[in-house]
Amino acid sequence: MKIIRSLAELRETLSVRDKVRSLVPTMGYLHEGHASLIRDARRESEQVCVNIFVNPLQFNNARDFETYPVSEDHDRAICEEAGADIVFVPTASEMLGAGPALQMAMPALTKNLCGPFRPGHFEGVLLIVAKLFHLFLPHKAYFGKKDYQQFRVIQRMVEDLSFPIDIIGCETIREADGLAMSSRNKNLKPEHREQAALMIRGFRIAEKAFNNGNANPADLAEIAQDVMLTGPDNRVEYTQVVDPETLEVLQEIEGDFVIAAAMHCGEVRLIDNLLIRGG
Ligand code: AMP
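Calculation rules
- Residues numbered from 1 in each chain as written.
- Predicted model: local features only at pLDDT ≥ 70, side-chain atom pairs only at ≥ 80, totals over all residues.
- Heavy atoms only, no water.
- Near = heavy atom within 4 Å.
- Areas by Shrake-Rupley, 256 points an atom, 1.4 Å probe, with all protein chains shown as cover.
- Helix = DSSP H or I, 4+ residues; strand = E, 2+ residues; numbered from the N terminus.
- Domains from an automatic or database assignment.
- Contact = heavy atoms within 4.5 Å.
- Buried area = accessible area lost by both parts, 1.4 Å probe.
- Salt bridge = Lys/Arg side-chain N within 4 Å of Asp/Glu carboxyl O.
- Buried < 20%, exposed > 50% of the residue type's maximum accessible area, 1.4 Å probe, protein only.
- Axes fitted to C-alpha atoms, helices over the stretch in contact; angles between N-to-C directions.
- Left-handed = near helix turned anticlockwise from the far one by under 90°.
- Nonpolar A, V, L, I, M, F, W, Y, C, P; charged D, E, K, R; others polar.
- Polar contact = N/O pair within 3.5 Å; in protein donor to acceptor, adjacent residues only side chain to side chain.

**Q** Looking at this structure, how should I read the site of the ligand?
**A** Neighbouring the ligand are 17 residues; His34, Gly144, Asp147, Ile173 and Met181 lie closest to it. Contact with the protein chains removes 94% of the 490 Å² of surface that the ligand exposes when unbound. Within the residue set of the shell around the ligand, elements represented by two or more residues are strand 2 (21-26), helix 2 (32-44) and strand 5 (140-144). Ranked by residue count, the leading element in the shell around the ligand is helix 2, at three residues.

**Q** Help me out: how do you make sense of the domain arrangement of the chain in this one?
**A** It is common to report an interface's size as the accessible area lost on association of the parts. Domain assignment breaks the chain into domain 1 (2-170) and domain 2 (183-273). For domain 1 and domain 2, the distance between their C-alpha centroids amounts to 26 Å. At the interface, 24 residues of domain 1 touch 20 residues of domain 2. Around 2,000 Å² of area is buried between domain 1 and domain 2 when both sides are counted, 51% of it from carbon and sulfur atoms. Among the residues of domain 1 in contact with domain 2, Leu113, Phe117 and Tyr148 are the three that bury the most area, contributing 30% of the side total. Across the domain 1-domain 2 interface, the total number found is three salt bridges. Between Lys111 and Glu248 there is a salt bridge, and its shortest N-O distance comes to 2.6 Å.

**Q** For this particular structure, what's the right way to read the pattern of salt bridges?
**A** Going through the model one piece at a time under the given rule, you end up with 19 salt bridges. A salt bridge links Glu81 to Arg39, with the nearest nitrogen and oxygen atoms 3.4 Å apart. On the criterion of sequence distance, the pair formed by Glu81 in helix 4 (residues 72-82) and Arg39 in helix 2 is long-range, its members being 42 residues apart. Judged by relative accessible area, Glu81 falls into the exposed class, the value being 53%. Between Glu159 and Arg156 there is a salt bridge, with its nearest N and O atoms 3.9 Å apart. Of this pair, Glu159 and Arg156 both sit in helix 8 (residues 148-161), three residues apart, which is roughly one turn of that helix. What you see here is one network of salt bridges that share partners, running through Arg5, Glu72 and Arg76.

**Q** Would you explain the packing of helix 2 against helix 4 in this entry?
**A** At their nearest, the axes of helix 2 and helix 4 sit 9 Å apart, and the two run at 35° to each other. As for how helix 2 packs across helix 4, the hand of that crossing is right-handed. Facing Ala35, Ile38, Arg39 and Arg42 of helix 2, the residues of helix 4 in contact are Ile78, Cys79, Glu81 and Ala82. Taken together, the residues of the contact of helix 2 with helix 4 break down into five nonpolar, no polar and three charged.

**Q** Which parts of the structure should I look at to understand the side chain of Gln47?
**A** Examined against the element boundaries, Gln47 turns out to sit in strand 3 (residues 47-52). Note on Gln47: relative accessible area 12%, which makes it buried. Only 2.7 Å separates the side chain of Gln47 from the side chain of Arg21, close enough to count as a polar contact. In this view, Gln47 contacts Leu14, Lys19, Val20, Arg21, Ser22, Arg42, Asp85 and Ile86; residues no more than four positions away in its chain are not counted.

What follows is the structure in C-alpha cells.
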C-alpha cells in the first residue's frame, strides 16, 4: 500500500489508467463503516484508492472542524487491512492552495434535510468531490448511504456533468444497538451513548407504525422524533420523510421513502436515515 501526500505524485502514480480503479473519499478517523466501503471497492475493482482529507470547505461550524478526530496511524492500518492500494493524505494547502474561486451548488437537492441547517456544506462537498474525481479519474466511487443526501447529491452531480464514474451506494454499518458508525461518535460523552441510539430506534418504530397501516408522513416523522426526544440530552434539528430520489418532503406515501433526521446528542451532531419499502 502506497501513501501519497502530493498532488504531483498522485498524478504521476495514476497517469496510467489501465486497471478498473475505485475511489473511496473519506475524512479519516476510519471505522468499520469506511472499511466496508474499501472492502466493497477491493472486491469490485483492481486498483483501490482511498482519500483521507478533512475538507475545511464543508464545515459550516468552526468547533465541529476543530474537534473532528484525526488518527493517521490507525487509518493507515484500516486501509491496509481492508485492501487499499493507494492512500492519498494531502494537507489543506496541498489540496486547496489559497482556496477555490469556483462555487458549486445543487439547490434542488439541498433545500431539505441538512441543507438549510448546514449552509455551504454541500457546496464544499461538491467542489472537493469533483476535484477528487478529476485527480483520481476513477471508474467507480463508493459512498455510504448513511449520508444519504450527500450520496444523492454526488450521484446527481455525476449525472449532470456526465462524469464517466459509477457511484456505488453502500449500506450503513451499525453498532450492536443500531447506532450508525460515525467518526463523530468518538466525541459522544459516555452518558450520551445510549441516547444516541434513540435515532435509529425511532426510525424503526416509525417503520413498524407504517407496516401497521399508518401512511401519514408527518405522523411517521413525529413518531420517530418523539422516541429521540425521550433522551434528555437529545435536541432534534429535523426529522423528515422524503422521496428517495428527489429528497422532496412527502405529503403522501406512494412507494419507497426515506426517513431521516439530524440530532444533537449533547455536543455532538449526528445524522442517520432509514429507507422504508412502501410497496
Ligand atoms: P466521512 O469520513 O464521515 O466523510 O465518510 C466517508 C464515507 O464513508 C462517506 O461516503 C460516508 O457516507 C461513509 N460512511 C460513514 N459512516 C458510514 C457507516 N456507518 N456505514 C457506511 N458508510 C459510512
